[in-house]
Amino acid sequence: MNWKITYYNLSVQQEILSFPKTLLARYLRMTDLMLKFGAHLGEPHTKAMKGGLLELRLKGQEGIARVFYCTIVGKEIVMLHSIIKKQQKTPLKDLRIAQLRLVEIKNER
């Protein structure tokens, strides 16, 4: 059975699909691999974080982006939040948004 990708909400999907061209191309390539092989592609492509949160690490000509996601039983990947990085560290505000959404998704299921 192949994996399935869903989005926390329509806004998250629209933000990701509005990434600059090379970041979007990278996202589409990585998610294609995730659909076939699962949520954990390994570094430098994906990285596990605390509490079941994972990040998809994208790099392109326009910069660096991160898409935070989680996995749900039944081979479902839920994209929770995305950012285009403007500094070395991921802003805590964005990390908290992803963590809160993760808790909400886990409690719903």
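Refer to the structure presented above.
Criteria and cut-off values
- Residues numbered from 1 in each chain as written.
- Predicted model: local features only at pLDDT ≥ 70, side-chain atom pairs only at ≥ 80, totals over all residues.
- Heavy atoms only, no water.
- Salt bridge = Lys/Arg side-chain N within 4 Å of Asp/Glu carboxyl O.
- Helix = DSSP H or I, 4+ residues; strand = E, 2+ residues; numbered from the N terminus.
- Buried < 20%, exposed > 50% of the residue type's maximum accessible area, 1.4 Å probe, protein only.
- Pairing = 2+ DSSP bridges.
- Axes fitted to C-alpha atoms, helices over the stretch in contact; angles between N-to-C directions.
- Contact = heavy atoms within 4.5 Å.

1. A look at the pattern of salt bridges
Across all of its chains, the model carries four salt bridges by this definition. Note that Asp 32 and Arg 29 form a salt bridge whose closest N and O atoms lie 3.8 Å from each other. Taken together, the residues Asp 32 and Arg 29, both in helix α2 (residues 21-37) and three residues apart, mark about one turn of the helix. Ionic pairing is found between Arg 66 and Glu 55, a salt bridge with its closest N-O pair at 3.6 Å. With Arg 66 in strand β4 (residues 63-72) and Glu 55 in strand β3 (residues 54-60), the pair connects residues that are eleven residues apart, well separated along the chain. Residue classification places Arg 66 among the buried positions, given a relative accessible area of 9%. The exposure class of Glu 55 is buried, given its relative accessible area of 5%.

2. Re the sheet that holds strand β2 (residues 46-48)
The five strands lie next to each other as β1-β5-β4-β3-β2, forming an open sheet whose pairing is mixed. Lying at the two open borders of the sheet, with one neighbouring strand each, are β1 (4-7) and β2. For this sheet, the mean angle separating the axes of adjacent strands, direction not counted, is 35 degrees. Sheet strands in contact with helix α1 (residues 10-17) are β1, β4 and β5 (76-85), and its direction is about 55 degrees off that of β5. Relative to β3, α2 is tilted by about 140 degrees, and along the sheet it contacts β1, β3, β4 and β5.

3. Topic: the pairing of β5
The element β5 is largely enclosed, with a buried count of nine among its ten residues. Looking at chain direction, β1 and β5 are connected through four bridges and run parallel. Bridge pairing links Tyr 7 to Met 79 in β5. Pairing of β4 with β5, which is carried by nine bridges, proceeds in the antiparallel orientation. Counted as the bridge partner of Arg 66 is Ile 83 from β5. The hairpin formed by β4 and β5 contains three residues between the paired strands, and Gly 74 there has a positive phi angle of roughly 105 degrees.

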